[in-house]
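Fold and contact review
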Amino acid sequence: MKKHKVNKKRWMKVILVMVLVIAIGFGVYSIYGSYKINELSKMTYEQMINYTTEGNKDAVITVGVIQNGKIEYNVYGEDGTRLPFKEHIYEIGSITKTFTTSLFCKAINEEKISLEDSINEYLNLPLEEYYPTIKRLVTHTSGYKGFYFEKPMISNFLHRKNEFNGITHSMLIEKMGKIDLEDREYAFTYSNFGFAALGAVLEEIYGDDYTTLINNFIVEDLKLANTRITDGSGDLENYWEWSESDAYMPAGALLSNIKDMIKYVQIHMTENLEYLSIAHRALIEVNASDGNYEKLGIQIDAVGMGWMIDDKNNIIWHNGGTGNYNSYIGFDKEKQIGVVVLSNLPPDYRIPATVIGVDILTSLQTN
């Protein structure tokens, strides 16, 4: 009996640590690193990159900037050394969510769905009084938590795999049927689970799996050649493993490179696909900014179709983080300035791409 209690306590500790690690996955705007916030705010982006890559032979950070139609790329290696330009393949984590909502923009334009529709109009869910609307899901105000524990997470954690690998569509539907929510807008809570639900809705309205849908949309509509649902292949290392048709793919399973991501910024910044004009409209004011983040120029004043909106700096943005990669995309539509930062370093490694990207973008706006 005593041994059983010890083992139970040990498993509880493992699960607690695992939950904390998973909470980092697909994060939207958490800031990590050993530097204090006030020290970071005084650094130039070059100093940030130098510090972040210092002594790390594997570090590869790619920065792309578009301003008034002109594009510039830089690749940085160990100690901030500029490397010959190469289109490295990165995991872009939660920036995937903006692709998911871009496809929703198309579906809305085709009158296949409405922002005010409830997900139970499309999914085979148990009878409940209320399920969230599309609008509340894309704005992270549905009441869903960031994620919900499932058994595969234990094995994934113990084997240092992608935390969300092996969580199936049926697990997602079963969990949604057990969550009791009220018909109201909840406080902004960044939810990977909510975007898993959105992916399931897309599958129903288009009659195909998410991987096929989003890959086809990227090629046929966005005209991007090197962006795809991960297959584990690329020129860098330590890509996350996914199982076929995993439920959380719509929240963060895309790979891309810098040229595709800059083109993607340009598509949204110029809105040359008309149905994307609704993507960046503020659907809800959330005031989710934090004092420390504001010192670094990072704000979330409102949310559009999955995009974070910084009213103070006139920036529309998103970021992404997986186990071994982190990234940032942001743009100013009025001044036609866009920035992408792709890094093959974990989100909690020194200074994340978000801080670097915001510093570059706000500097360009000022100058």
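Starting from 1, residues in each chain are numbered consecutively following that chain's sequence as written. In keeping with the predicted nature of the model, local features appear solely for residues at pLDDT of at least 70, side-chain atom pairs appear and are counted solely at 80 or more, and the whole-chain, interface and lining totals rest on all residues. Computation of side-chain values: all heavy atoms of the structure, hydrogens and water removed.

Per an unreviewed UniProt entry, the protein goes by Beta-lactamase family protein and derives from Irregularibacter muris.

The contact between helix H3 (residues 45–53) and helix H13 (residues 353–366) brings their axes to 9 Å, and the two run at 160°. When the axis of H3 is compared with that of H13, the two are roughly antiparallel. The chirality of how H3 crosses H13 is left-handed. Judged by residue contacts, Tyr45, Met48, Ile49 and Thr52 of H3 engage Val355, Ile356, Asp359 and Ile360 from H13. Classifying every residue of the contact of H3 with H13 gives six nonpolar, one polar and one charged. Helix axes are fitted to C-alpha atoms over the stretch in contact, other axes to C-alpha atoms as well, and angles between N-to-C directions run from 0 to 180 degrees. Secondary structure elements are taken from DSSP: a helix is a run of H or I of four residues or more, a strand is a run of E of two residues or more, and numbering for both begins at the N terminus. For classification purposes, an angle smaller than 35 degrees is called roughly parallel, one larger than 145 roughly antiparallel, one from 65 to 115 roughly perpendicular, and anything else oblique. Should the near helix be turned counterclockwise from the far one by less than a right angle, the crossing is left-handed, whereas a clockwise turn marks it as right-handed. What makes two residues a contact is simply this: any of their non-hydrogen atoms within 4.5 Å. Side-chain classes are defined by residue name, with Ala, Val, Leu, Ile, Met, Phe, Trp, Tyr, Cys and Pro counting as nonpolar, Asp, Glu, Lys and Arg as charged, and the others, Gly among them, as polar.

Let's shift gears to helix H4 (residues 96–109). Expected helix span is taken as 1.5 Å per residue step, with the number of steps being one fewer than the number of residues. Taking 1.5 Å per residue as the helical rise, H4 with its 14 residues ought to reach 20 Å, and the 20 Å between its terminal C-alpha atoms agrees with that figure. Burial analysis of H4 places twelve of its 14 residues in the buried class, which makes it a mostly covered element. When we look at burial in H4, the residues that qualify are Thr96, Lys97, Thr98, Phe99, Thr100, Thr101, Ser102, Leu103, Phe104, Cys105, Lys106 and Ala107. Relative accessibility under 20% of the residue-type maximum defines a buried residue, over 50% an exposed one, and the middle range a partly exposed one, all with a 1.4 Å probe and only protein chains included.

In space, the nine strands of this open sheet follow the order S3-S2-S1-S12-S11-S10-S9-S8-S7, with antiparallel pairing throughout. Unpaired on one side and paired on the other, strand S3 (82–83) and strand S7 (284–285) mark the two borders of the sheet. Bridge count for S7 against strand S8 (residues 302–303) is two bridges, and the pairing is antiparallel. The residue bridging Ile284 from the neighbouring strand is Val303, located in S8. H13 rests against strand S1 (61–67), strand S10 (315–321), strand S11 (326–332) and strand S12 (337–343) of the sheet, and its axis sits at about 20° to S11. DSSP bridges decide pairing: two strands pair if at least two such bridges lie between them.

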